[in-house]
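Residue-level listing of the chains:
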Amino acid sequence: MNRLLQAIHDSLPPWMADWFDILVPAVEVVLIGAVAWLAVRIASRLLRKLTKTYLLPAKVAALSLRVVAAIVYVAATLWALERLGVSGTVLWTAFTGFATVGAVAFFAAWSVLSNLFCALLIYFTGAFRIGETVELLENGEKPGIKGRVQDINLVYTTLLEATSDGQEVVLQLPNSLVFQRVLRRWK
C-alpha cells in the first residue's frame, strides 16, 4: 500500500504533492471513523438479535452495547491518532501520568470526601440533631466520647463535653468517625 501511495505521490505535480500529504491522512481518519461507526451499528443489531433470541434483560444489552462502543471508539481514536503521526508511546505515557495523578489526588482527598459524604448522611438520616446529647462508643461496653451536639458542618461535628471538674470542653469529631462507632443518643 505504501508503494502505491508513494508512486501516486511521485507522479503528482509539486503543488499537488503537498496537499496529497495532508489529504491521505485525513481520508484515512474519516474512513477509520466510518468503519468504527459501522462496527458499532453492526454490534447494536447483533445485540438486539441476541436479546430477543435469549430473552436477555434490556439493561444487560444496553450495558454491553456501551462497553463495545467504548472499546471500538477508543481503538478507532488511537488508530486515527497513529495515522496522524502521534506516537502510541506518547499517548500511553500521558494516560498513565494522568491516571497516576488522578489516583494520588483521589487518595489525598479521600478523608475529606468521606467526611463530606458522612455529613450528608447525618443530615438525611437524622442520626442526631443539634442540641441532642450523643455518645460514641468504642464497642458496646466501653464508655466513649460523650457530649451535647453544638454544630454539624461539612467536615466536623462539634460536641460540648462536660469534664469531671465541671469545665466544658469543645470536641470536633470528623463526621466519618460517627459512622465507625456505635452511637448512643439522648434527646
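Looking up the protein chain in an unreviewed UniProt entry gives the name Small-conductance mechanosensitive channel, with the organism given as Cupriavidus pauculus. One UniProt comment on the protein chain, placed under Subunit (unreviewed entry), says "Homoheptamer." The annotation that UniProt attaches to the protein chain under Sequence similarities (unreviewed entry) is "Belongs to the MscS (TC 1.A.23) family."

K.L.:
Account for the domain arrangement of the protein chain, with residues named and values stated.
P.N.:
Split into domains, the protein chain comes out as domain 1 (1-85) and domain 2 (86-186). Centre-to-centre, using C-alpha coordinates, domain 1 lies 48 Å away from domain 2.

K.L.:
Quick one: what's the story with the sheet that holds strand β4 (residues 168-174), residue by residue and with numbers?
P.N.:
Here we have 5 strands laid out as an open sheet, ordered β4-β3-β2-β1-β5, and antiparallel in their pairing. Each edge of the open sheet is held by one strand with a lone partner, namely β4 and β5 (182-186). Across the sheet, the mean angle separating the axes of adjacent strands is 40° when strand polarity is ignored. As paired elements, strand β3 (residues 156-162) and β4 share 7 bridges and run antiparallel to each other. Bridging across to β4, threonine 157 finds its partner in leucine 173.

K.L.:
Report on the side chain of serine 176, specifying residues and quantitative values.
P.N.:
Looking at where serine 176 falls in the secondary structure, it is placed in helix α5 (residues 175-178). According to the relative accessible area criterion, serine 176 is buried, its value standing at 14%. Setting aside anything within four residues of it in sequence, one finds serine 176 in contact with Ser114, Asn115 and Cys118.

K.L.:
Got a sec to walk through the pattern of salt bridges? Specific residues and values, please.
P.N.:
Taken as a whole and assessed by the stated rule, the structure comprises 5 salt bridges. Across the pair glutamate 28 and arginine 83 runs a salt bridge, and its minimum N-O distance is 2.9 Å. On the criterion of sequence distance, the pair formed by glutamate 28 in helix α2 (residues 14-54) and arginine 83 in helix α3 (residues 58-83) is long-range, its members being 55 residues apart. According to the relative accessible area criterion, arginine 83 is partly exposed, its value standing at 33%. Across the pair arginine 83 and glutamate 82 runs a salt bridge whose closest N-O atoms are separated by 4.0 Å. Taken together, the shared-partner salt bridges connect Glu28, Glu82 and Arg83 into one network.

K.L.:
Outline a nonpolar patch on the surface, listing residues and values.
P.N.:
Taken together, the side chains of Leu46, Leu50, Tyr54, Leu56 and Val60 make up a nonpolar region of the molecular surface, amounting to roughly 470 Å² of accessible area. Of the residues forming the nonpolar patch, the biggest block, 3 residues, is contributed by α2. With respect to the helices and strands, leucine 46 occurs in helix α2. Classification of leucine 46 by relative accessible area gives exposed; the value is 52%.

K.L.:
Can you explain α3? Please cite residues and give values.
P.N.:
Its 26 residues give α3 an end-to-end C-alpha distance of 37 Å, which sits within 8% of 38 Å, the value for a rise of 1.5 Å per residue. The complete set of buried residues in α3 reads Ala61, Ala69, Ala76 and Ala80. Looking at the residues trailing α3, positive phi occurs at glycine 85, about 100°.

K.L.:
Report on the side chain of asparagine 175, specifying residues and quantitative values.
P.N.:
With respect to the secondary-structure elements, asparagine 175 resides in helix α5. Residue contacts for asparagine 175: discarding those within four places in its chain leaves Asn115, Cys118, Ala119, Ile122, Asn153, Leu154, Val155, Tyr156 and Thr157.

Cut-off values and rules
- Residues numbered from 1 in each chain as written.
- Predicted model: local features only at pLDDT ≥ 70, side-chain atom pairs only at ≥ 80, totals over all residues.
- Heavy atoms only, no water.
- UniProt positions renumbered as here; feature names shortened; annotations may be inferred.
- Domains from an automatic or database assignment.
- Pairing = 2+ DSSP bridges.
- Helix = DSSP H or I, 4+ residues; strand = E, 2+ residues; numbered from the N terminus.
- Axes fitted to C-alpha atoms, helices over the stretch in contact; angles between N-to-C directions.
- Buried < 20%, exposed > 50% of the residue type's maximum accessible area, 1.4 Å probe, protein only.
- Contact = heavy atoms within 4.5 Å.
- Salt bridge = Lys/Arg side-chain N within 4 Å of Asp/Glu carboxyl O.
- Patch = residues over 30% accessible without salt bridge, like charges linked within 9 Å, V, L, I, M, F, W, Y side chains within 5 Å.
- Areas by Shrake-Rupley, 256 points an atom, 1.4 Å probe, with all protein chains shown as cover.
- Expected span 1.5 Å × (residues − 1).

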